[in-house]
Amino acid sequence: MNSPIWGILLAISIQNVKSYKFDNFTVQPAARQLLDFKLEHPEPIGLWTTTSGEPVEIRENTAQNTDIISNQVFLDLQTINDGERVPERIVHAKGTGAYGYFVVTNDVSKYTKADVFNGIGKKTPLVVRFSSSVENLGGTDLKPEMKGMAVKFYTEEGNLDLLCLQNPVYFYRDAFFFSSLAHGLKRNPQTNLFDFTLFYDIITLRPNTLHAFMWTQSEYGIPNGYRKMNGHPIHTYEVNNRKGEKFYVKFNFRTEQGLDNLTRAETIQLADPDYYIRDLYNAIENKNYPSWRLEMDVMTFEGVKEVDYDPFDVTRLWKNGTYITVPIGRLVLNRNVKNVFRDVELSAFNPGNLVPGIPGPPDFMFKTRRLFYRDTQNYRLGRNHNKIDINKPKYAKLYSRDGKPPVDHNMKNAPNYYPNSFNGPIPYVDESKPREKLLILQSHAVDFEPHSYFYNHVLVRESQKQRLVDNLAATLVSVTSPVLERTIKLMYLIDKDLGRRLTVALELARVAAAQRAQAIAARNGELTPIKRKSDLHSEDSKDVKLQFVKRTN
């Protein structure tokens with residue numbers, strides 16, 4: 001009996017095997033996705049075809065003893081497999097997503113005319129992409145870092161993208177620093193390992209970055225899943241109402257699941273690199289729909305000019321008492337994506353995607369992001385990335401044409417130039433557009449007041465401060481001179497208690513690291529004597545010396 005006949009018999013026998021459903025309520029939806037698909041589709045969903053639509057004959061599903069050049073489905077599988085991936089994002093590479101809606105719960109017409117936020121009860125569809133900022137596609141969710149929450153509202157006036165982080169401050173306000181920080185968060189170009197000396201050298205030479213880094217190394221650095229973290233678009237947005245009155249706001253998505261974070265010990269116990277992705281998927285499939293409350297902190301046009309700090313500085317918090325908080329509505333996620341590549345990998349978020357009534361932040365950092373995000377999406381997905389289904393606005397009439405697919409209907413036979421005399425799309429007149437503009441000039445000075453405020457007033461419990469210190473010490477163990485000394489000095493400048501605690505914690509961490517190194521060496525049959533505590537500071541030692549800064553009264 002020849003092999004094709006055996007293949008037919010095998011296929012028939014497989015189709016005739018009975019399927020038994022075992023009710024096991026301990027199996028979470030993510031683990032039973034394939035079984036759920038089969039239960040939804042009791043019969044095969046259709047005939048297998050080639051990319052051109054030709055049905056695949058059963059004897060073509062092998063490359064053995066066949067004319068592989070004439071086997072169209074084989075050529076499809078192999079040649080398309082070579083190009084399955086688009087370039088990985090430089091930052092925020094690993095992520096997941098879900099669909100949902102936003103509903104307006106409060107009247108905010110006093111502040112903004114944006115249609116998406118006006119009309120109590122109005123619902124707007126949206127998609128959210130969650131991500132880890134540093135990890136690559138195969139990385140872990142449980143690393144202490146900035147987590148992303150990018151929201152795309154499909155509004156009647158175009159797409160509104162709010163790109164959020166779980167912590168309310170960012171690393172820098174000078175966009176010139178982006179490339180260096182991105183390299184510092186990646187692997188050493190020679191060793192191909194994460195290098196804390198490299199990273200600390202970068203951030204200690206730009207000390208403003210230490211504020212956001214302290215947030216990530218505190219208990220706020222590892223949320224207990226995407227559902228239990230807040231989302232902050234970081235920038236101060238300019239908004240205006242129908243009278244042309246301007247306000248300055250910070251949007252904040254507050255989780256309604258309760259803000260919750262993990263310790264590093266808990267992440268070791270979990271030992272699940274996909275913990276965040278699994279948690280979100282299972283919650284939605286179990287109809288435990290996660291939700292966030294959208295608020296905005298508001299300053300008036302006059303008030304923003306009178307405060308004694310820079311309200312457009314993304315590296316600091318607004319001071320209490322200088323703003324009011326206004327509720328807007330609720331964001332609810334109620335549907336998992338059906339295909340991660342289509343709906344998550346091909347998604348393109350751009351902070352420059354704004355709508356009338358929200359002209360956007362006036363600071364230089366945001367202006368630079370308008371350019372950077374467009375450029376990265378052009379590189380990753382092509383210049384027609386906004387014609388990919390997940391990125392399409394509800395309404396679009398363009399003079400941009402052609403290029404690499406997708407081109408959608410490519411505006412068919414409408415005029416492809418403006419102005420024209422033949423009824424192509426025309427612009428509108430915004431009669432409520434504010435006439436005054438605010439020019440932002442920002443300082444290069446280093447201000448440790450935000451860092452000190454975080455240590456003394458955000459971390460209010462002793463256990464919170466000690467956790468920050470222990471986490472910092474763990475990252476400093478392998479850092480070499482002169483970066484280590486500079487880091488310790490800066491911590492003393494932020495707060496003397498922080499510097500003192502870190503000095504002690506670092507010495508203990510280095511001793512523990514030496515003991516671990518000896519245990520590993522012993523297991524491998526190598527002889528690496530443990531250094532005594534005194535050796536860590538020995539002037540005769542060839543190793544890098546750690547010169548602790550003495551606390552002064």
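Model, not experiment: these values are computed from the prediction.

S.K.: I'd love a proper account of the UniProt feature "binding site: heme" (unreviewed entry) in the chain, names of residues and values included.
M.R.: The positions that UniProt labels "binding site: heme" (unreviewed entry) are, in the present scheme, Y373. Following the sequence through the fold, Y373 ends up in helix 10 (residues 364–381). Among the residues examined, Y373 registers a relative accessible area of 23% and is labelled partly exposed. Reaching out from Y373, the side chain makes a polar contact with the side chain of R369 at a distance of 3.0 Å.

S.K.: Can you lay out the UniProt feature "domain: Catalase core" (unreviewed entry) in the chain for me, pointing to particular residues and giving the numbers?
M.R.: Under the present numbering, the feature "domain: Catalase core" (unreviewed entry) in UniProt falls on residues 49–426. Helix makes up 20% of residues 49–426 and strand makes up 20%, while its end C-alpha atoms are separated by 44 Å.

S.K.: Before we move on, could you go through the environment of F349 and cite the residues and values that matter?
M.R.: In this fold, F349 is placed in the loop between helix 9 (340–345) and helix 10. Judged by its relative accessible area of 6%, F349 is buried. With ten residues separating them along the chain, F349 and P359 place their C-alpha atoms 17 Å apart. Once residues lying within four places of it in the same chain are set aside, the contact partners of F349 are V127, R129, A150, V151, K152, D161, L163, Y373 and Q377.

S.K.: Requested: an account of the sheet that holds strand 7 (residues 291–300), with residues and values cited.
M.R.: Taken in spatial order, the eight strands of this open sheet run 4-3-2-1-8-7-6-5, and their pairing is antiparallel. Of all the strands in the sheet, just strand 4 (158–165) and strand 5 (237–240) have a single pairing partner and so form its edges. The mean inter-strand angle of the sheet, taken between neighbouring strand axes irrespective of direction, is 35°. Here seven bridges tie strand 1 (residues 95–104) to strand 8 (residues 324–336), and the two strands are oriented antiparallel to one another. By the bridge assignment for strand 8, G100 is matched with L333.

S.K.: Explain unusual backbone geometry residue by residue, including any values.
M.R.: That bond from Y418 to P419 is cis: its omega, -5°, falls within 30 degrees of zero. Residue P482 follows S481 across a cis peptide bond; omega there is 0°. Residue placement: P482 occurs in the loop between helix 12 (462–476) and helix 13 (483–494). With phi around 65°, N423 is a residue other than glycine that occupies positive phi space. The residue N423 is located in the loop between helix 10 and helix 11 (449–458) in this model.

S.K.: Could you give an account of the side chain of S218, naming the residues involved and the relevant values?
M.R.: Tracing the sequence through the fold places S218 in the loop between helix 6 (209–217) and strand 5. Apart from residues lying up to four places away in sequence, S218 is in contact with F454, L459, L468 and N471.

S.K.: An account of the packing of helix 5 (residues 196–204) against helix 13 is requested, with residue identities and associated values reported.
M.R.: Running from amino to carboxyl end, helix 5 crosses helix 13 at an angle of 45°, the nearest separation of the two axes being 9 Å. Considering the angle they form, helix 5 stands oblique to helix 13. Considering only the axes of helix 5 and helix 13, their crossing is left-handed. Residues T197, Y200, D201 and T204 of helix 5 touch helix 13, and the partners they reach there are V483, R486, T487 and L490. When the residues that make up the contact of helix 5 with helix 13 are grouped by side-chain class, the tally is three nonpolar, three polar and two charged.

S.K.: Summarise the nonpolar core; cite the residues concerned and give the values.
M.R.: As a rule of thumb, soluble globular proteins bury nonpolar side chains together. Formed by 45 residues in total, the largest nonpolar core has its most connected members in Y200 and L498. Of all elements in the fold, only helix 5, helix 6, helix 11, helix 12, helix 13 and helix 14 (496–523) reach the threshold of two or more residues within this core. It is helix 13 that contributes the most residues to this core, seven residues altogether. Structurally, this core is a two-domain feature, drawing no fewer than three residues from each of domain 1 (95–173 + 223–391) and domain 2 (459–519). With 44 residues, the next largest nonpolar core counts V128, L160, I222 and V249 among its residues.

S.K.: Describe the packing of helix 6 against helix 12, and please don't skip the residues or the numbers.
M.R.: Contact geometry of helix 6 with helix 12 gives a least axis separation of 9 Å together with a crossing angle of 105°. Between helix 6 and helix 12, the interaxial angle falls into the category roughly perpendicular. Here F213, M214 and Q217 of helix 6 come into contact with helix 12, specifically with R467, L468, N471, L472 and T475. Grouping the constituent residues of the contact of helix 6 with helix 12 by class yields four nonpolar, three polar and one charged.

S.K.: Could you give an account of the pattern of salt bridges, naming the residues involved and the relevant values?
M.R.: Tallying each qualifying case throughout the model produces 30 salt bridges. The partner of E238 in a salt bridge is K246, and the shortest N-O contact between them spans 3.7 Å. The partner of E295 in a salt bridge is R254, and the shortest N-O contact between them spans 3.6 Å. Highlighted residues: E295 in strand 7 and R254 in strand 6 (residues 246–255), separated in sequence by 41 residues. The buried category is assigned to E295, whose relative accessible area is 13%. You can call R254 partly exposed: its relative accessible area is 26%. Through salt bridges with shared partners, a single network forms among E462, D497, R500 and R501.

So, how was this worked out
Residues numbered from 1 in each chain as written. Predicted model: local features only at pLDDT ≥ 70, side-chain atom pairs only at ≥ 80, totals over all residues. Heavy atoms only, no water. UniProt positions renumbered as here; feature names shortened; annotations may be inferred. Helix = DSSP H or I, 4+ residues; strand = E, 2+ residues; numbered from the N terminus. Buried < 20%, exposed > 50% of the residue type's maximum accessible area, 1.4 Å probe, protein only. Polar contact = N/O pair within 3.5 Å; in protein donor to acceptor, adjacent residues only side chain to side chain. Contact = heavy atoms within 4.5 Å. Pairing = 2+ DSSP bridges. Axes fitted to C-alpha atoms, helices over the stretch in contact; angles between N-to-C directions. Parallel < 35°, antiparallel > 145°, perpendicular 65-115°, else oblique. Left-handed = near helix turned anticlockwise from the far one by under 90°. Nonpolar A, V, L, I, M, F, W, Y, C, P; charged D, E, K, R; others polar. Core = buried A, V, L, I, M, F, W, Y, C linked by side-chain atoms within 4.5 Å. Domains from an automatic or database assignment. Salt bridge = Lys/Arg side-chain N within 4 Å of Asp/Glu carboxyl O.

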